[in-house]
Amino acid sequence: MSAQTTILLALCVPLIGAALIGLAGRVSPNLREAATLSTSLLLIAVVWSLLPDIFAGLRPAVTLSEVLPGISIAFQVEPLGMMFAALASGLWLVNSIYSIGYMRGNREQHQTRFYVMFAVSLAATMGIALAGNLFTLFLFYEMLTLSTYPLVAHKGDPATVRSARVYLGVLIFASIALLLPAIVWTYLVAGTGDFTPGGILAGHIDGPLIGLLLALFVFGAAKAAVMPMHRWLPSAMVAPTPVSALLHAVAVVKAGVFVIMKVIVYIFGVDFLFAAPSSGWLTFAAAFTIIAASLVALRQQNLKRLLAYSTIGQLSYIVLATATLKPLAEVGAAIHMVAHAFGKITLFFAAGAIYTASKKTELGQLHGIGRRMPVTMTAFTIGALSMIGVPPTGGFVSKWFILAGAFQADNYVVLATIILSTALNAAYFLPIIYLAWFGRDRTPPGKEHGEAPFAAVLALAVTAFLTLAFFFFNQPLIELESQLVRGAVAGPEAL
Amino acid sequence: MTILDAHLPVLPVVVPMLIAPLVIMLRPRGLAWAAATATSSMAFLIAMALAAGALDGEAQRYALGAWAAPYGIELSVDSFGALLLLILTGASTLALLAGKASLDQQLEADRQPLFLSAWLLVLAGLSGILISADAFNIFVFMEISSLASYILVAGGPDRRAMPAVFKYLIMGTIGATFYLIGIGLVYMMTGTLNLTDIQVRIQDVSDLRPILVAAGFITVGLGLKAAVFPLHVWLPNAYNFAPHAATVFLAACATKVSLYILLSFDFVVFQQNLIGHEMQFAAFLMPLAVLGILAASAVALFEPNIKRMLAFSSVAQIGYILLGASMVSLLGMTASLMHMFNHALAKGALFMAVMCLAMRFPSLELDALAGAAKRMPWTMGAFVVGGLSLIGIPGTAGFTSKWYLITASMEFGGAGWLLVAVIVLGSLMAVAYIWRVVEVTCFRQPETGPVEVSEAPRLMLTVTWLVALANVYFGLSPWLQTRLAEGGARMLLGEMP
């Protein structure tokens, strides 16, 4: 099977899967779940089969059709997109196992719609990851927004619908008002929007306009939640937890930072942007978002909202690292996408497991819960340590690279931000961990509970293990992402 | 077949015009509808053949009675005309196909033949405008189509249609009169009515002031007929109270045909001969386009009746079409013509979905439609697809013209960014008014009434989805409208860069 067919399969498998899940849902829930699991397994097989080619330095590409003159629906696999696709497809399997436990444990309504839209969202994510030009990227970016809306509005009560409106409003507003003009502008000045190593904009745009175009891209990709475009993320927490876990910790939010990284590496070009003084604001915007989000997280009482604000901060780590514009920092940004995904999905899984087992959602209710749910809270602890960046967790690896990149660029704003935010992360996560393990259990009598359903516990154990394993076993990924900067940055001097 | 080929340009008028009186006599139930639909389908096929010819890049000319122009009556179909013929005949055919059940619901059986006969006259009249190369014939066909369309609007059971149609009639007549005054002035100065001939002879006219006045009369008169903001006041009620099937038909094409005359006149006849005309044209129409987009979208945001909301949205969409044209650039004009096609697809799907809703819901007030998506999931699905196209989400037809429009605006540099802002703002308002409907129909619980699924009739739903899917198809592969629109734009702009 040629790589081109594989790319198209990666898009079709979840879509066909969605149709089958919908049909199976009419027969029996068990068949439907089987359809979900087998679709995700198949998707993994398809996506991961592309890995050897990419490691070998190949960049398989396929063009579907030319929509407008010079603007086509095209796909190309490169290290960053490969990593994103592999990550999203891999975690979809784990998340599907978790969803089964969660959705059944909570007796949620409209489960078929839930699984169908989930598969469609994954198709959109694959499209984003493998897109070969800005136009295709935008197409699937909007598809992801729209296909996740029913998932966010899942409960359907007035409060949920209001929050879902904020979700859709912010994302659509940003993409139509900022991202679309930025893309059209790029096509107009550069004559193309293909992702090209080294960028396409050099020589076509100069002065303060560079900063302006960058701003349109960064804020237009509101899924990256750089302040003030972050409002949708806490609103999206009304969704069932599996949605928060896979989409609002991995697929959707990473799609946002993925757009920013792609644009900086393949559209602007790292060197071109580094030489442009008007792009310097991005570092400060990201730094501000990190600190502000951490401060807001400190004051949260609801566990999922706290995790949402933590996500906002962590996403801006990736933006900050990308904006450092040095090879090691770009690698750091790429692997932080993975490290954060493992850690944050574990945390959300844990939050959902706690809710399923005990209906507890507030921090004040978590005293001593570690003794009732030891597996869940162990996983939670590992995830939290990864957020702070303590070895031996995945978060440490990426932070190491980002710091190294900051030294490479002599960028002390980045250094100071990371140090300060690490302290803040510790300040809001460690008290939870302490109370959970050493607090006095205040669960009222009659409300005793143990662990969540087995499927949920299994899933969070797996992701917690991945968080730990990533600390020891990360060399292939670093090699893969080094290709990214070797292609984009002149000379591999730093690596 | 070769004989047919030679006469192809005249057939879109002749066929419906001849069948129209016969339809009145078809009393047995359903027969009139079948005859009208068959006629309309035939016109659609003819339009396709003409479009195929236009895609090959030749303007198809036809001398009526073999009298050569400029003495005889000349017909001609170029890319622009072919594009609109496709929209027109397609809208008529699909509206008839989808609308059978709705017509049966809204019209008594014995009035249907009359109504459908008027429908065919509208079709013939509007087709006639599109194939005429002669200013006076355009006027004649305009009157035919207008008079017949008053019958279409007033034909429904809703008595509120009467004042609406009266307003439509008065304003339509004023518009037509202005146009007549305009061509009278042109005839006075040039002595000819053939458009190509006017263009040649106008160059010898020494005193251009009457021509300038004529341009003013023609632009305003046609602006009225095309419902250009602020001359749109007849449109919302006329669309709202017309029978649903007629709304689908008229909303997709009626105003666009008026815009066709406006653009043909302004660009083919006046543009190259009046000094500074493009500035006058742009300076006059661009502000109206911008105001139309913003004001009409804002009204749509607060309109409680969804059919009327979509009518206001149509006024805003005319603004986009005009905005592209008033840029007087190849990209802008292409965007404008493409948007005619794309908007017809999007609005067609939306009004068809509304027609489906009207089969099951007595009122089209938004509040009365709570929970409609549970009763009619397929209908609301089509509504969402049409809505996405109207907003201009990538992957739908509406996106392609928005892309052209934004690119064309950016070509202007600094001031163009203001236009980009207007387009973006208009699209965002479209998101808001479409999503308002989606939220109420999907998530709000109905206060009373049945909640079990009861979809619209099979045929109506199928055609609605056909149009909805056409939005996606022409969004992913917009070869047809792009090529015809670009050909039309090149023709309109002539020698101009």
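Remember, predicted model here, so these are calculated numbers, not experimental data.

Draft legend 1. Region of interest: the overall build of chain B. Along the backbone of chain B there are 20 helices and two strands. For 497 residues, the compact-globule estimate of 2.2 N^0.38 gives 23 Å, and the C-alpha radius of gyration of chain B, at 22 Å, lies within 12% of that figure. Its C-alpha atoms give chain B principal-axis dimensions of about 70 × 60 × 40 Å. Looking at chain B residue by residue over its 497 residues, the buried ones come to 60%.

Draft legend 2. Layout of the overall build of chain A. Scanning chain A for helices and strands turns up 20 helices and two strands. Relative to its length of 495 residues, chain A is compact, with a C-alpha radius of gyration of 21 Å against a globular reference of 23 Å. Each of the three principal axes of chain A carries a C-alpha extent, and together these read 70 × 55 × 40 Å. Residues counted as buried form 60% of the 495 residues belonging to chain A. Here the analysis covers contacts within chain A between residues at least 6 apart in sequence; of these, 82% occur between residues at least 24 apart.

Draft legend 3. Region of the structure containing the interface of chain A and chain B. Counting residues at the interface gives 21 residues for chain A, matched by 20 residues for chain B. Put simply, the parts of the chain that give the side of chain A that touches chain B at least two residues each are β1 (61-68), α6 (134-152) and α7 (158-190) of chain A. If you tally residues by element for the side of chain A that touches chain B, the top one is α7(A), at 12 residues.

Draft legend 4. Expanded view of the nonpolar core. Of all hydrophobic cores here, the largest spans 395 residues; its most connected members are A:I260, A:V319 and B:I87. Here the element with the most residues in this core is helix α10 (residues 241-268) of chain A; it accounts for 21 residues. Those residues within four positions of A:V319 in sequence are excluded, and the remaining contacts are A:A224, A:V226, A:V257, A:I260, A:L282 and A:A286.

Draft legend 5. Examining the packing of helix α4 (residues 79-106) of chain B against helix α5 (residues 112-131) of chain B more closely. All names here are of chain B. α5 packs onto α4 with a crossing angle of 170° between their chain directions and a minimal axis gap of 9 Å. As far as their axial angle goes, α5 and α4 are roughly antiparallel. Residues G81, L84, L85, L88, S92 and L103 of α4 touch α5, and the partners they reach there are Q112, L123, L126, S127, L130 and I131. Its residues assigned to classes, the contact of α4 with α5 shows eight nonpolar, four polar and no charged.

Draft legend 6. Expanded view of the environment of B:A349. Residue and element names in this part refer to chain B. Among the structural elements, A349 can be located in helix α14 (residues 330-360). Linking A349 and G386, residues 37 residues apart in sequence, is a C-alpha distance of 5.3 Å. Not counting residues within four places of it along the chain, the set of residues in contact with A349 comprises A382, V385, G386, T464, V467, A468 and N471.

Draft legend 7. Region of the structure containing helix α16 (residues 377-391) of chain B. Residue and element names in this part refer to chain B. Over its 15 residues, α16 extends 21 Å from the first C-alpha to the last, a length consistent with the 21 Å expected when each residue adds 1.5 Å. Most of α16 is tucked away, with 12 of its 15 residues classed as buried. Taken as a whole, α16 has its buried residues at T379, M380, A382, F383, V384, V385, G386, G387, L388, S389, L390 and I391. The inward-facing, buried residues of α16 contact α13 (306-326), α14, α15 (372-375), α17 (397-410), α18 (416-443) and α19 (458-476). G392, located one to two residues past α16, shows a positive phi value of around 100°.

Draft legend 8. Examining the confidence of the model for chain B more closely. Looking at chain B, the pLDDT average stands at 88 and 97% of residues meet or exceed 70. The ipTM for the predicted assembly is 0.85, set against a pTM of 0.90.

Draft legend 9. Representation of the packing of helix α16 (residues 374-388) of chain A against helix α18 (residues 412-438) of chain A in the model. Residues and elements named next belong to chain A. The geometry of α16 relative to α18 is characterised by a closest axis approach of 9 Å and an angle of 165° between their N-to-C directions. When the axis of α16 is compared with that of α18, the two are roughly antiparallel. As α16 packs across α18, the resulting crossing turns out to be left-handed. Across from M377, T381, A384, M387 and I388 in α16, the residues of α18 making contact are T422, N425, A426, F429, I433, A436 and W437. Looking at the contact of α16 with α18, its residues break down into nine nonpolar, three polar and no charged.

Draft legend 10. How the structure looks around unusual backbone geometry. Residue A:P392 follows A:P391 across a cis peptide bond; omega there is 0°. Mapped onto the elements of the fold, A:P392 is located in the loop between α16 and α17 (394-409). Looking along the chain, the bond that leaves B:F229 and enters B:P230 is cis, with omega of 0°. Even without being glycine, A:K359 reaches a positive phi, approximately 60°.

Draft legend 11. A look at the pairing of β1(A). All names here are of chain A. Strand direction decides the pairing type here: β1 and strand β2 (residues 71-76), joined by six bridges, are antiparallel. Its bridge partner lying in β2, L68 is registered against I71. Where β1 folds back on β2, the antiparallel hairpin that results is connected by two residues, among which G70 adopts a positive phi of roughly 80°.

Draft legend 12. Just helix α13 (residues 303-324) of chain A, in detail. Spanning 22 residues, α13(A) covers 32 Å between terminal C-alpha atoms, matching the ideal 32 Å at 1.5 Å per step. Positive backbone phi, at 60°, marks A:L325, one or two positions downstream of α13(A).

What counts as what
Residues numbered from 1 in each chain as written. Chains lettered and ligands numbered in written order. Predicted model: local features only at pLDDT ≥ 70, side-chain atom pairs only at ≥ 80, totals over all residues. Helix = DSSP H or I, 4+ residues; strand = E, 2+ residues; numbered from the N terminus. Rg over C-alpha atoms; globule rule 2.2 N^0.38 Å. Buried ≥ 20, exposed ≤ 12 C-beta atoms within 10 Å, placed from the backbone. Contact = placed C-beta atoms within 7 Å. Core = buried A, V, L, I, M, F, W, Y, C linked by C-beta atoms within 7 Å. Axes fitted to C-alpha atoms, helices over the stretch in contact; angles between N-to-C directions. Parallel < 35°, antiparallel > 145°, perpendicular 65-115°, else oblique. Nonpolar A, V, L, I, M, F, W, Y, C, P; charged D, E, K, R; others polar. Expected span 1.5 Å × (residues − 1). pLDDT = per-residue confidence, 0-100. Left-handed = near helix turned anticlockwise from the far one by under 90°. Pairing = 2+ DSSP bridges.

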